[in-house]
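Each chain, letter by letter, is given below.
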Amino acid sequence: MANSPQARKRARQAEKRRTHNASLRSMVRTYLKKVVTAIESGDQEAAKAAYAAAVPVLDRTADKGNFHKNKAARHKSRLNARIKAMGEAA
């Protein structure tokens, strides 16, 4: 356990950061899940709306370093491809 005042403070800061980052990760997963459920329901307009809400959240967390920028881009690309495929199938 941390004994010096400096080490105690760093431990407090690390814990605070960890919980905040976990909250951001959870929020991103929730937004992604909303898009996926909209896609699976077959409603393209709802899927587009959920996607439009999820993109800025993904970008923000990638900018902060919670997710790698390429991971955010990969999610956006795959979800957008699935939404576009819904239009072609209908």
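Rules used throughout
- Residues numbered from 1 in each chain as written.
- Predicted model: local features only at pLDDT ≥ 70, side-chain atom pairs only at ≥ 80, totals over all residues.
- Heavy atoms only, no water.
- Helix = DSSP H or I, 4+ residues; strand = E, 2+ residues; numbered from the N terminus.
- Rg over C-alpha atoms; globule rule 2.2 N^0.38 Å.
- Buried < 20%, exposed > 50% of the residue type's maximum accessible area, 1.4 Å probe, protein only.
- Contact = heavy atoms within 4.5 Å.
- Areas by Shrake-Rupley, 256 points an atom, 1.4 Å probe, with all protein chains shown as cover.
- Axes fitted to C-alpha atoms, helices over the stretch in contact; angles between N-to-C directions.
- Parallel < 35°, antiparallel > 145°, perpendicular 65-115°, else oblique.
- Left-handed = near helix turned anticlockwise from the far one by under 90°.
- Nonpolar A, V, L, I, M, F, W, Y, C, P; charged D, E, K, R; others polar.
- Core = buried A, V, L, I, M, F, W, Y, C linked by side-chain atoms within 4.5 Å.
- Patch = residues over 30% accessible without salt bridge, like charges linked within 9 Å, V, L, I, M, F, W, Y side chains within 5 Å.
- Salt bridge = Lys/Arg side-chain N within 4 Å of Asp/Glu carboxyl O.
- Lys, Arg positive; Asp, Glu negative; His and termini not counted.
- Charge placed at Lys NZ, Arg CZ, Asp CG, Glu CD.
- Expected span 1.5 Å × (residues − 1).
- Polar contact = N/O pair within 3.5 Å; in protein donor to acceptor, adjacent residues only side chain to side chain.

Visitor: Looking at this structure, how should I read the overall build of the protein?
Guide: Within the protein, the regular secondary structure consists of three helices and zero strands. Along the chain direction, N to C, the helices and strands of the protein fall in the order α-α-α. The globule rule puts the C-alpha radius of gyration for 90 residues at 12 Å, and the 18 Å found for the protein is more than 25% above it. Reported as C-alpha extents along the three principal axes, the dimensions of the protein are approximately 65 × 20 × 15 Å. The 90 residues of the protein split such that 26% are buried. The long-range share in the protein, meaning contacts at least 24 apart out of those at least 6 apart in sequence, stands at 63%. As presented, the protein carries roughly 6,400 Å² of accessible surface, and 52% of it is formed by carbon and sulfur atoms.

Visitor: Explain the side chain of Asn 66 to me, please; I cannot follow it from the model alone.
Guide: Position of Asn 66 among the secondary structure elements: in the loop between α2 (44–64) and α3 (69–89). Asn 66 has contacts with Asn 21, Leu 24, Arg 25 and Thr 61, leaving out every residue within four places of it along the chain.

Visitor: When you look at the packing of helix α1 (residues 5–41) against α2 in this model, what are you seeing that I'm missing?
Guide: The geometry of a pair of packed helices is captured by two quantities: the angle between their axes and the separation between those axes. Running from amino to carboxyl end, α1 crosses α2 at an angle of 155 degrees, the nearest separation of the two axes being 9 Å. Taken together, α1 and α2 sit at an angle that is classed as roughly antiparallel. The two elements α1 and α2 cross, and the hand of that crossing is left-handed. The segment α1 lies against α2, with Leu 24, Met 27, Val 28, Tyr 31, Leu 32, Lys 34, Val 35, Ala 38 and Ile 39 engaging Ala 46, Ala 47, Ala 50, Tyr 51, Ala 53, Ala 54, Val 57, Leu 58, Thr 61 and Lys 64. Tallied by class, residues from the contact of α1 with α2 come to 16 nonpolar, one polar and two charged.

Visitor: Can you walk me through the nonpolar core in this structure?
Guide: Inside soluble globular proteins, nonpolar side chains tend to come together where they are buried. If you look at the biggest cluster of nonpolar residues, it comprises 18 residues, and the most contacted ones within it are Val 28, Val 35, Ile 39, Ala 47, Tyr 51, Leu 79 and Ile 83. For this core, the element with the highest residue contribution is α2, accounting for eight residues. Not counting the four nearest positions on each side in its chain, Val 28 is found in contact with Val 57, Leu 58, Thr 61 and Phe 67.

Visitor: Could you clarify how one ought to interpret a positive patch on the surface in this entry?
Guide: A cluster of basic residues, Arg 8, Lys 9, Arg 10, Arg 12, Lys 16 and Arg 17, forms a positive patch at the surface. Position of Arg 12 relative to the elements: it lies in helix α1.

Visitor: Looking at this structure, I do not really get the pattern of salt bridges. What am I missing?
Guide: Side chains that carry opposite charge are capable of pairing whenever their charged atoms lie near each other. In total, this model carries three salt bridges according to the counting rule given. Ionic pairing is found between Glu 15 and Arg 18, a salt bridge with its closest N-O pair at 2.8 Å. Separated by three residues within a single helix, Glu 15 and Arg 18 lie in helix α1, roughly one turn from each other. In this structure Glu 15 comes out as partly exposed when scored by relative accessible area, which is 40%.

Visitor: Would you take a moment to explain α2 for this structure?
Guide: One turn of the α-helix equals 3.6 residues, which is why residues spaced by three or four share an orientation. Counted at 1.5 Å a residue, the expected span for α2 with its 21 residues is 30 Å, and the 30 Å between its end C-alpha atoms agrees. N-capping of α2 is provided by Asp 43, with a side-chain oxygen placed 3.4 Å from the backbone N of Glu 45. In the stretch just after α2, Gly 65 is the one whose phi turns positive, near 95 degrees.

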